[in-house]
Amino acid sequence: MNQTALTAIALSGFSIAFFHAAIPTHWLPFVLTARVQKWNAAKTIAVTALAGTGHVLVTAALGLAITLFGTAMNDRIGAWFPRIAGGALFLFGLYYLFRQMLGKGHVHFHYPHEHLHEHEATSTNHGHDHGHVHHHGEHDHHNEPVYQPRPTSDRAAILSLLAFLTFSPCEGFVPFYFSGLRYGWAGFAVLTAVLSIATVAGMVIFTSLTLAGLSKIKLGILEKYESALMGVLLCAVGIFIILFEK
C-alpha cells in the first residue's frame, strides 16, 4: 500500500504543478516581453525554462526544510504520522476551497512586462497624437519638454522575469511534501522530480503554443478556479492517506 499511496501522491502533485504552470501568469509575461524585446522563439523558450527552474528550486527548498523537520518527527510519532500528514493535506485543501469561495481563486501578480508594455504604448500614443516622434530634449507646441522612454535592456527584462517566478514558489505543491514525509528522502526526490518536470514542461509547452499562434485556448478559467482545483485534489489525497496508509 505504501507504493500505491506514493504513486497517488506523485500523480496528484504532477496534476497540481502542471495546471499551476498552465495559468497565464506563468507563460503570458514571457510571450509579451518577447514581443516587446523582439526575442526569437528559442530565446523566449530558454528564458521561460530558466525561470521555471528557479520557481522549482525555491519550492524544493521549502520541501527540503519540511523533509528535514518531518524526518525527525516521523521517528517520534511513528504510526500516527500518516494520519497527521493526511489531516494536514485535508486542512490545506479546505483552506484553498475556502479561498475560492471568497473569490480569491488566484493571487494576482503584476506582470514584469507591464512597464515594458506601458513604454511601448506611451511611444505609440505619443506618435499618434503628434504625428511624429519627439527626440530626447525636444519640445511640443506647448513648449513642454517631451521625453521618449528608453528601451528596456534584455538583461533587465530577463532578470525581471526570473525574479517574478523565482521568488514566488508553487504554494499549491508545498503540501505534497508533507504527504511525502513518510517516505523520507526517496519521497522528497520523487516529488521534486515530479515538480520539476510538470512545472518546466507546462511553462514551456504553453509558451510555445502561444508563440506558435495557438493562444486562443481558454486557459484563463484555470487561473480563476485554481484554488478550487488544488483544494479538491488536496482533500482527496488527504482522505486517501488517512484511510489507506499504514
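Residues numbered from 1 in each chain as written. Predicted model: local features only at pLDDT ≥ 70, side-chain atom pairs only at ≥ 80, totals over all residues. Heavy atoms only, no water.

A. The arrangement of the packing of helix α2 (residues 28–37) against helix α6 (residues 154–166) in detail. For the pair α2 and α6, the least separation of the axes is 11 Å and the interaxial angle reads 175°. Taken together, the axes of α2 and α6 lie roughly antiparallel to each other. Listed contacts from α6 to Pro29, Phe30, Thr33 and Gln37 of α2 are Asp154, Ala157, Leu161, Phe164 and Leu165. (Axes fitted to C-alpha atoms, helices over the stretch in contact; angles between N-to-C directions. Helix = DSSP H or I, 4+ residues; strand = E, 2+ residues; numbered from the N terminus. Parallel < 35°, antiparallel > 145°, perpendicular 65-115°, else oblique. Contact = heavy atoms within 4.5 Å.)

B. Region of the structure containing the packing of aromatic side chains. With the rule as written, the count across this model stands at 9 aromatic pairs. Aromatic side chains phenylalanine 18 and phenylalanine 19 sit 6.1 Å apart centroid to centroid with 80° between the ring planes, which places their arrangement in the edge-to-face category. Judged by relative accessible area, which is 35%, phenylalanine 19 ranks as partly exposed. Three or more aromatic residues joined by ring pairs form one cluster here, namely Phe173, Phe176, Tyr177, Trp185 and Phe188. (Phe/Tyr/Trp six-rings, centres within 6.5 Å; stacked < 30°, edge-to-face > 60°. Buried < 20%, exposed > 50% of the residue type's maximum accessible area, 1.4 Å probe, protein only.)

C. Geometry of helix α10 (residues 226–244). Taking 1.5 Å as the rise per residue, α10 with 19 residues should run 27 Å; its terminal C-alpha atoms sit 27 Å apart, in good agreement. Taken together, the buried positions of α10 are occupied by Glu226, Ser227, Ala228, Met230, Gly231, Leu234, Cys235, Val237, Gly238 and Ile241. (Expected span 1.5 Å × (residues − 1).)

D. Local environment of the side chain of threonine 199. When you line up the elements, threonine 199 lands in helix α8 (residues 184–211). Residue class for threonine 199 comes out buried when judged on its relative accessible area of 2%. When near neighbours in sequence (up to four residues on either side) are disregarded, threonine 199 contacts Ala17, Ala21, Gly52, His55 and Val56.

E. Structural context of the nonpolar core. Membership of the largest hydrophobic core comes to 27 residues, with the highest contact counts inside it found for Ile9, Phe173, Phe176, Tyr177, Leu195 and Val237. Of all elements in the fold, only α1 (2–22), α3 (41–77), α4 (81–101), α7 (174–179), α8 and α10 reach the threshold of two or more residues within this core. If sequence neighbours within four positions are ignored, isoleucine 9 has contacts with Phe176, Ser179, Tyr183, Leu191, Val237 and Ile241. Within the second largest apolar cluster, 12 residues are counted, among which are Ala34, Leu161, Leu162 and Leu165. (Core = buried A, V, L, I, M, F, W, Y, C linked by side-chain atoms within 4.5 Å.)

F. Structural view of the environment of alanine 236. Locating alanine 236 in the fold gives a position in helix α10. Along the chain, alanine 236 and phenylalanine 90 lie 146 residues apart, while their C-alpha atoms are 7.4 Å from each other.

G. Fine view of a nonpolar patch on the surface. Together, Ile239, Ile242, Leu243 and Phe244 line one region of the surface with nonpolar side chains, adding up to about 340 Å² of accessible area. Tracing the sequence through the fold places leucine 243 in helix α10. (Patch = residues over 30% accessible without salt bridge, like charges linked within 9 Å, V, L, I, M, F, W, Y side chains within 5 Å. Areas by Shrake-Rupley, 256 points an atom, 1.4 Å probe, with all protein chains shown as cover. Salt bridge = Lys/Arg side-chain N within 4 Å of Asp/Glu carboxyl O.)

H. Highlighting unusual backbone geometry. Residue lysine 38 is not a glycine yet carries a positive backbone phi of 60°. Looking at the secondary structure, you find lysine 38 in the loop between α2 and α3.

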